[in-house]
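# Coordinate analysis (summary)
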Amino acid sequence: MTSLPTHTEKKLGLVIDLDICVGCHACVTACKGWNDQGYGAPLSDQKPYGDEPEGTFLNRVHSFEITPENGPAQIVHFPKSCLHCDDAPCVTVCPTGASYKRSEDGIVLVNEDACIGCGLCAWACPYGAREMDQAAGIMKKCTLCVDRIYNENLPEADREPACVRTCPTGARAFGDLADPTSAVSKSVADRGGFDLMPELGTKPVNQYLFPRIKDFEGDLDVLSPLLDIQPEATGISGWLDKLLGKL
Amino acid sequence: MNPAPSVILFTVLSGAGFGLLGFLGLGVISPTGLIAFSYFTLAFAMAVGGLLASTLHLGNPRNALKAFSQWQTSWLSREAWLAVLTLAVMGLYAIGAIFFGKHLSVLGILGADLSFLTVFATSMIYAQLKTVPRWNQWLTPLLFLSFSLSAATMLTAQNGLAVAPLAVTGVLLILHWLSGDKRFSASGSTIETATGLGGIGKVRLLAPPHTGSNYLMKEMIYVVGRKHALRLRWITLALAVVLPALILLLAPASVLTTALAFILHLIGAFAARWLFFAEAEHVVGLYYGKR
Ligand code: SF4
Ligand code: SF4
Ligand code: SF4
């Protein structure tokens with residue numbers, strides 16, 4: 001049913017530490033790898049070796065640059081997958097009941113046997129967390145590796161989402177955000193975890209942790225005054241100036 | 001948002017078709033026999049043709065029947081129900097009018113209500129989306145309904161009368177554009193709220209997640225042709241509203257006049273719907289550094 005459960009026993013989700021993530025995309029690859037062989041239609045690629053390769057991914061890493069009023073810009077790598085929202089707009093718009101949120105653990109899933117591929121749920125999601133697989137014509141999204149986390153055939157250590165298991169830096173943590181004593185809830189409480197686009201009222205379960213703000217003490221570099229190329233510079237500096245201006 | 005031709009065809013044609021069915025049900029005109037046959041054929045062809053076009057938009061249409069299951073929450077599911085109910089009720093009404101020369105007003109009024117509710121449900125599929133601020137306003141259903149009423153009035157040959165709904169459509173188009181232009185900034189979503197990083201400073205995309213495109217970018221970040229938007233708005237107003245109104249006012253009433261005015265109006269309606277999609281920006285664009 002595409003009505004949302006009024007309450008979920010658990011709120012399984014991810015906590016992503018933007019201070020730690022180095023933007024290596026290992027989680028993207030691990031996600032794609034696992035979801036090519038397990039749950040539902042495999043994540044397809046279109047023209048993977050052509051000049052415009054494209055494909056379905058459930059987790060993507062963006063990189064943002066933030067420029068404070070004073071001080072140097074800083075770069076933040078920003079992994080994003082389904083946030084398993086409590087008030088998930090993608091679920092209620094679905095005409096077929098294919099999209100649903102589980103009352104036991106809060107995971108938002110697509111029943112691929114019922115999906116008509118109308119794409120409305122992807123329109124309703126603010127975060128770009130749903131992608132229509134171009135080969136299968138079916139909506140794909142992060143399942144929180146529902147086929148790993150409860151899978152007793154896997155060694156205990158592997159019973160967590162593939163992205164979390166693979167992250168070399170430990171920037172991703174998986175757990176129950178409804179349980180205040182869980183490690184993820186504690187880190188959210190300690191570090192002030194935040195929602196993405198809170199103004200849309202989706203109440204995401206996944207939380208993000210703030211990156212440290214860069215230190216800044218005056219000039220970035222003792223050599224920086226020498227790098228100050230004048231607009232009407234001539235010679236090599238002028239040439240460099242023009243060249244850089246064109247880039 | 002990507003202006004997919006199938007969806008533009010669907011919303012414009014079925015809007016006109018259901019509008020005409022609504023007017024026939026209300027008894028604005030009460031044709032019988034062959035004339036009734038041609039009216040109902042036109043109405044059903046537009047309504048059903050539009051619905052069929054919309055299934056072209058589906059990735060996996062073999063599950064289409066399941067779309068009737070979630071009417072309690074989903075406007076798309078409600079639309080499916082309302083459309084089918086309208087067609088069934090108005091089908092019966094049409095049989096009465098064509099073969100028996102009888103207009104069962106109970107059926108007709110029910111069918112008319114259902115017709116307009118169908119158009120309303122279609123519009124709510126778009127208007128409900130908070131993620132597309134330009135659509136997420138009450139003017140959206142009003143605009144869809146007024147297009148539908150304009151088409152219906154024109155086709156039922158209420159020549160002088162049709163100018164009124166056309167004028168309303170023109171005003172609503174302008175209002176929808178003007179207030180739509182402000183909706184994104186009014187929604188409060190920015191790249192800073194999207195990333196939550198505004199506390200540090202100004203945020204910009206440094207590197208996208210991949211070098212190529214993806215489904216989300218193609219479907220929701222449609223920037224091609226936006227630079228022509230202003231010119232297209234003028235063309236839309238001229239074709240959808242001004243020219244048909246002038247023709248209806250000035251030319252002698254005849255089937256030909258109506259047909260000419262209606263065809264111009266339809267082309268204008270297609271342009272309006274194209275703009276409705278092409279100008280609409282989805283908040284997901286914030287993550288890709290473009291809208
Ligand atoms: S992130 Fe998007 S797809 Fe996931 S639950 Fe929230 S709205 Fe739905
Ligand atoms: S694409 Fe599938 S899951 Fe999404 S709204 Fe349509 S039917 Fe539901
Ligand atoms: S694997 Fe970890 S460090 Fe690498 S991009 Fe993903 S979250 Fe960041």
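Throughout, a residue's number is its position along its own chain's written sequence, starting from 1. Both sets of labels track the order of writing: A upward for chains, 1 upward for ligands. In keeping with the predicted nature of the model, local features appear solely for residues at pLDDT of at least 70, side-chain atom pairs appear and are counted solely at 80 or more, and the whole-chain, interface and lining totals rest on all residues. Heavy atoms from the whole structure form the basis of all side-chain values; hydrogens and water molecules are not counted.

In this description, a nonpolar core means a group of buried Ala, Val, Leu, Ile, Met, Phe, Trp, Tyr and Cys residues linked to one another through side-chain atoms lying within 4.5 Å. Partly exposed describes any residue whose relative accessible area lies between the buried limit of under 20% and the exposed limit of over 50%, with all areas from a 1.4 Å probe on protein chains only and scaled to the type maximum. In this structure, Trp123 of chain A together with Phe40, Tyr126, Trp135, Phe277 and Tyr287 of chain B are the most contacted members of the largest nonpolar core, which totals 146 residues. Helical segments are the DSSP runs of H or I of at least four residues, strand segments are the runs of E of at least two, and each set is numbered from the N terminus. For this core, the element with the most residues is helix 3 (residues 75-99) of chain B, which contributes 11 residues. Domain start and stop positions are those given by an automatic or database domain assignment. Of the domains in this structure, domain 1 (1-128) and domain 2 (155-291) of chain B are the two that each give at least three residues to this core. When neighbours within four sequence positions are excluded, Phe277 of chain B is seen to be in contact with Trp123 of chain A together with Met1, Asn2, Pro3, Val7, Ile8, Tyr126 and Trp135 of chain B. Core analysis: the next-biggest nonpolar cluster, separate from the first, contains six residues, Val15, Leu177, Val184 and Leu209 of chain A among them. The contact criterion used is simple: two residues touch if any of their non-hydrogen atoms lie within 4.5 Å.

Once that is clear, we can look at unusual backbone geometry. All names here are of chain A. Although it is not a glycine, Cys145 adopts a positive phi angle of roughly 50 degrees. Position of Cys145 among the secondary structure elements: in the loop between strand 9 (138-141) and helix 4 (146-149). Non-glycine residue Met197 carries a positive phi angle of around 40 degrees. Note on Met197: relative accessible area 0%, which makes it buried.

We define proximity as follows: a residue is near a molecule or strand when any one of its heavy atoms falls within 4 Å of that partner. Among the 14 residues in the neighbourhood of ligand 1, the closest are listed as Cys82, Leu83, Cys85, Cys90 and Cys125 of chain A. Looking at side-chain class alone, the shell around ligand 1 contains 11 nonpolar, one polar and two charged residues. In this classification, the charged set is Asp, Glu, Lys and Arg, the nonpolar set is Ala, Val, Leu, Ile, Met, Phe, Trp, Tyr, Cys and Pro, and all remaining amino acids, among them Gly, are polar.

Residues and elements named next belong to chain A. The two faces of strand 8 (residues 130-133) match: Arg130 and Met132 on one face and Glu131 and Asp133 on the other face are all buried. Between any two strands, at least two bridges found by DSSP are needed for them to pair. Alignment of strand 8 against strand 9, held across four bridges, turns out to be antiparallel. Paired with Met132 across the bridge in strand 9 is Met139. Taking the residues that link successive antiparallel strands as the turn, the strand 8-strand 9 hairpin has four residues, and the phi of Gly137 there is positive, at about 70 degrees.

It is worth spelling out the site of ligand 2 at this point. In the region of ligand 2, the neighbouring residues are Cys94, Pro95, Thr96, Ala98, Ser99, Cys115, Ile116, Gly117, Cys118, Gly119, Cys121 and Met139 of chain A. When its residues are assigned to classes, the shell around ligand 2 shows eight nonpolar, four polar and no charged.

Attention shifts here to a nonpolar patch on the surface. On the surface, a nonpolar cluster with roughly 530 Å² of combined accessible area is contributed by Ile236, Trp239, Leu240, Leu243 and Leu244 of chain A. Judged by its relative accessible area of 57%, Trp239 of chain A is exposed. Patch definition: residues above 30% relative accessible area lacking any salt bridge, with like charges linked at up to 9 Å and the nonpolar side chains Val, Leu, Ile, Met, Phe, Trp and Tyr linked at up to 5 Å. Under the convention used here, a 1.4 Å probe and the Shrake-Rupley method define accessible areas, while residue burial counts only the protein chains that appear. Criterion for a salt bridge: a side-chain nitrogen of Lys or Arg within 4 Å of a carboxyl oxygen of Asp or Glu.

The next subject is the sheet that holds strand 11 (residues 207-209) of chain A. All names here are of chain A. Spatial strand order, 10-1-11: three strands in an open sheet with mixed pairing. Here the strands that pair on one side only, and so sit at the sheet edges, are strand 10 (172-176) and strand 11. The sheet shows a mean angle of 25 degrees between the axes of neighbouring strands, taken without regard to direction. Bridge analysis of strand 1 (residues 12-17) against strand 11 gives three bridges, and the strand direction is parallel. Note that in strand 11 the partner of Val15 across the bridge is Gln207. Each axis is a line fitted through C-alpha atoms, taken for helices only over the stretch in contact, and angles between the N-to-C directions span 0 to 180 degrees.

Another aspect to go through is the packing of helix 1 (residues 5-26) of chain B against helix 10 (residues 255-278) of chain B. Geometrically, a packed helix pair is captured by the angle between its two axes and the distance between the axes. Residues and elements named next belong to chain B. Running from N to C, helix 1 and helix 10 point in directions that differ by 135 degrees, and their axes come no closer than 9 Å. Between helix 1 and helix 10, the interaxial angle falls into the category oblique. Once helix 1 is placed against helix 10, the crossing between them reads as right-handed. For the pair helix 1 and helix 10, contact is made by Val7, Ile8, Leu9, Thr11, Val12, Leu13 and Ala16 and by Phe262, Leu266, Ala269, Phe270, Arg273, Trp274 and Phe277, respectively. Along the lines of polarity and charge, the residues of the contact of helix 1 with helix 10 split into 12 nonpolar, one polar and one charged. Just so you know how the angles are binned, under 35 degrees is roughly parallel, over 145 roughly antiparallel, 65 to 115 roughly perpendicular, and the rest oblique. Handedness of a crossing follows from how the near helix is turned relative to the far one, being left-handed for an anticlockwise turn of less than a right angle and right-handed for a clockwise one.

Right, let's get into the sheet that holds strand 1 (residues 202-207) of chain B. Strand order in the open sheet formed by three strands is 5(A)-4(A)-1(B), with antiparallel pairing between adjacent strands. Two strands bound the open sheet, and with one partner strand each, they are strand 5 (74-81) of chain A together with strand 1 of chain B. Neighbour to neighbour, the strand axes of the sheet diverge by 40 degrees on average, direction disregarded. Where strand 4 (residues 59-67) of chain A and strand 5 of chain A come together, eight bridges link them in antiparallel fashion. Within strand 5 of chain A, the position partnered with Phe64 of chain A by the bridge is Val76 of chain A.

With that settled, the discussion passes to the interface of chain B and chain A. Interfaces are frequently sized by the accessible area removed from exposure as the parts join. Counting residues at the interface gives 60 residues for chain B, matched by 60 residues for chain A. Here chain B meets chain A over a buried area of about 4700 Å², counting both sides, of which 63% is carbon and sulfur. Here the quantity called buried area is the accessible surface, traced with a 1.4 Å probe, that two parts lose on coming together, added over both. When residues of chain B are sorted by the area they lose upon contact with chain A, Ile200, Tyr215 and Tyr287 of chain B head the list and together hold 16% of the total. For the pair chain B and chain A, the interface holds two salt bridges. In this structure, Arg204 of chain B engages Glu65 of chain A in a salt bridge whose closest nitrogen and oxygen atoms are separated by 2.7 Å. A 3.5 Å cut-off defines polar contacts: any pair of N or O atoms within that distance qualifies, except that in protein one atom must be a possible hydrogen donor and the other a possible acceptor, and neighbouring residues in sequence count only when both atoms are side-chain atoms. Seen at the junction of chain B and chain A, the total is 24 residue pairs in polar contact (both at pLDDT 80 or more). Looking at the side of chain B that touches chain A, the elements with two or more residues in it are helix 3, helix 4 (105-127), helix 7 (191-195), strand 1 and helix 8 (215-220) of chain B. Take the side of chain B that touches chain A: its biggest share by element is six residues, from strand 1 of chain B. Class assignment for the residues of the side of chain B that touches chain A results in 29 nonpolar, 25 polar and six charged. Alignment of strand 4 of chain A against strand 1 of chain B, held across five bridges, turns out to be antiparallel. Following the sheet pairing, Ser63 of chain A is matched in strand 1 of chain B by Ala207 of chain B.

Mean pLDDT over chain B stands at 92; residues scoring 70 or higher make up 99%. Listed scores for the predicted complex are pTM 0.91 and ipTM 0.93. pLDDT measures how confident the predictor is about each residue, on a scale from 0 to 100.

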